[in-house]
Amino acid sequence: MIKSMAFIAVFLGAVPFLLGLFYTRFIEEEKNNLLLQMAAGYMILFGLFEFAALPLIWLRQPLSLLIQIYGGIVFALAAASLIWNFYRIAEIFKETFRAVKQFTFCIWAQFAVLLGQACIYVRYQYANADDSFYVAAATTALSTNTILEYSPYTGTLYEKLPSRYVLSPIYAFSAVVSKITDTHPAILTHTVFMILFLLLAYAVYALLGRALFSCDMEKTGYFLILLAALNIFAGYSERTSGLFLLIRLWQGKAVLAGILLPMILYLAIRIFMLEGKRADWVLLFFTLSACCMVSSMGVMLGAVMLGILGILFAFRQRNLRPVWYAALCCLPNMICSAIYLAIR
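Residues numbered from 1 in each chain as written. Predicted model: local features only at pLDDT ≥ 70, side-chain atom pairs only at ≥ 80, totals over all residues. Heavy atoms only, no water.

Engineer: Would you mind going over the packing of helix H3 (residues 63-84) against helix H4 (residues 86-101) with me for this structure?
Structural biologist: Helix-helix packing is characterised by the crossing angle of the two axes and by the distance between the axes. At a closest axis distance of 4 Å, the pairing of H3 and H4 adopts a crossing angle of 80°. Comparing the axis directions of H3 and H4 gives the class roughly perpendicular. For the pair H3 and H4, the contacting residues are Ser81, Leu82, Ile83 and Trp84 in the first and Phe86, Tyr87 and Ile89 in the second. Residue composition of the contact of H3 with H4, by class: 6 nonpolar, 1 polar and no charged. (Axes fitted to C-alpha atoms, helices over the stretch in contact; angles between N-to-C directions. Helix = DSSP H or I, 4+ residues; strand = E, 2+ residues; numbered from the N terminus. Parallel < 35°, antiparallel > 145°, perpendicular 65-115°, else oblique. Contact = heavy atoms within 4.5 Å. Nonpolar A, V, L, I, M, F, W, Y, C, P; charged D, E, K, R; others polar.)

Written out as structure tokens, the structure is:
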């Protein structure tokens, strides 16, 4: 158990942080913000997996090869980032400690609410029909050393790859992380992912609040408390994004609604309103790729959201350049959409 926790801390903690340093090295606004390092790192982690997994799925390659390729790329980039940005790490943590000293009552109240939600994740468990595919598919991949070759429902060999799942291999991501961290997929998804993704979601919301309120700590605190309240009282329907965030955040559609779409909005604000850099466009590209990785709905919803935002800001600025750049960021979504239409 201690070994698994150490592996989880490295792969899902240190590695995203180091990957995020690649992005923040090329920006000025919030470059030493720890939350931004982690959010950017996870976008890169998710986006890289989409690029690594899809060719191997189509070529019917074993899961072990995906683990070697993806793990090699991720750890090589993390090591390169550690060497390149070593001197920045102490500065980032010093600035984080200074920011903690300025936390308002609302910020600390939000931490209390977040801790309560995390404790509920640890104490209780929610299961539904999606477990029969996603958790079972990850377990099947580990036991057979394959990627989506056997049906998790029946155990029979697929004659044709299922179009709904082949382009969004979050089940394979769970299997790969499970193997790397030596953690069973059910424990990984229902406990580890739930807590880490909840923290990641509120990190993105905090970044969004800082962007909307010009880094005003007090207003950001009010924003987070209001958002937490909306999520807590979102149980009037089982289809709301707030309920997805609270009870089934390990699922790809919940990650899309709770983390990735808000991240697209945050990056759009950085790019279109805060004079973002080229690095922001690159991170947006990885975020759109991550949308494809987590859910088939993300293939279209991520691109539609960015397209609408790009058109609005292009109209406001009387400049079509944002639309062209947004279209380039949506290339993974367009390619996945074309493949989906061809194989369906």
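After presenting the structure, the write-up continues.
Engineer: Which parts of the structure should I look at to understand the side chain of Thr183?
Structural biologist: Here Thr183 lies in the loop between helix H8 (170-181) and helix H9 (185-212). By relative accessible area, which is 9% here, Thr183 ends up buried. (Buried < 20%, exposed > 50% of the residue type's maximum accessible area, 1.4 Å probe, protein only.)

Engineer: Quick question: what am I supposed to make of the layout of surface pockets here?
Structural biologist: Over the atoms rolls a probe the size of a water molecule, and in doing so it shows where empty space is left. Of the voids in this model, the largest pocket is the one considered here, and its volume is about 930 Å³. Contributing to the lining of the largest pocket are 31 residues, with Asn33, Leu34, Leu35, Phe103 and Phe111 lying nearest its centre. If you list the elements that add at least two residues to the lining of the largest pocket, you get helix H1 (2-24), helix H2 (34-58), H4, helix H5 (105-123), H9 and helix H10 (217-232). In terms of residues, the lining of the largest pocket owes the most to one element, H9, which gives 7 residues. Along the lines of polarity and charge, the residues of the lining of the largest pocket split into 20 nonpolar, 7 polar and 4 charged. If you add up the space inside the second largest pocket, you get close to 290 Å³. The wall of the second largest pocket is formed by 14 residues, among which Ile271, Arg278, Trp281, Arg321 and Tyr325 lie closest to the centre. Elements with a contribution of two residues or more to the lining of the second largest pocket: helix H12 (252-272), helix H13 (278-294) and helix H15 (321-329). (1 Å grid on protein atoms, 1.4 Å probe; cavity = no way out; pocket = protein on both sides within 12 Å on 5 of 7 lines; lining within 4 Å. Points joined across faces, edges and corners; volume = space filled by probe spheres on them.)

Engineer: Would you take a moment to explain the environment of Trp58 for this structure?
Structural biologist: Following the sequence through the fold, Trp58 ends up in helix H2. The partly exposed category is assigned to Trp58, whose relative accessible area is 35%. Residues Trp58 and Met217 lie 159 residues apart in sequence; the distance between their C-alpha atoms is 48 Å. For Trp58, the residues in contact, after removing those within four places along its chain, are Leu161, Val166, Leu167, Ile339 and Ile343.

Engineer: Would you explain the side chain of Ser178 in this entry?
Structural biologist: If you trace the backbone, Ser178 turns up in helix H8. Residue contacts for Ser178: discarding those within four places in its chain leaves Leu142, Thr183, His184, Pro185 and Leu188.

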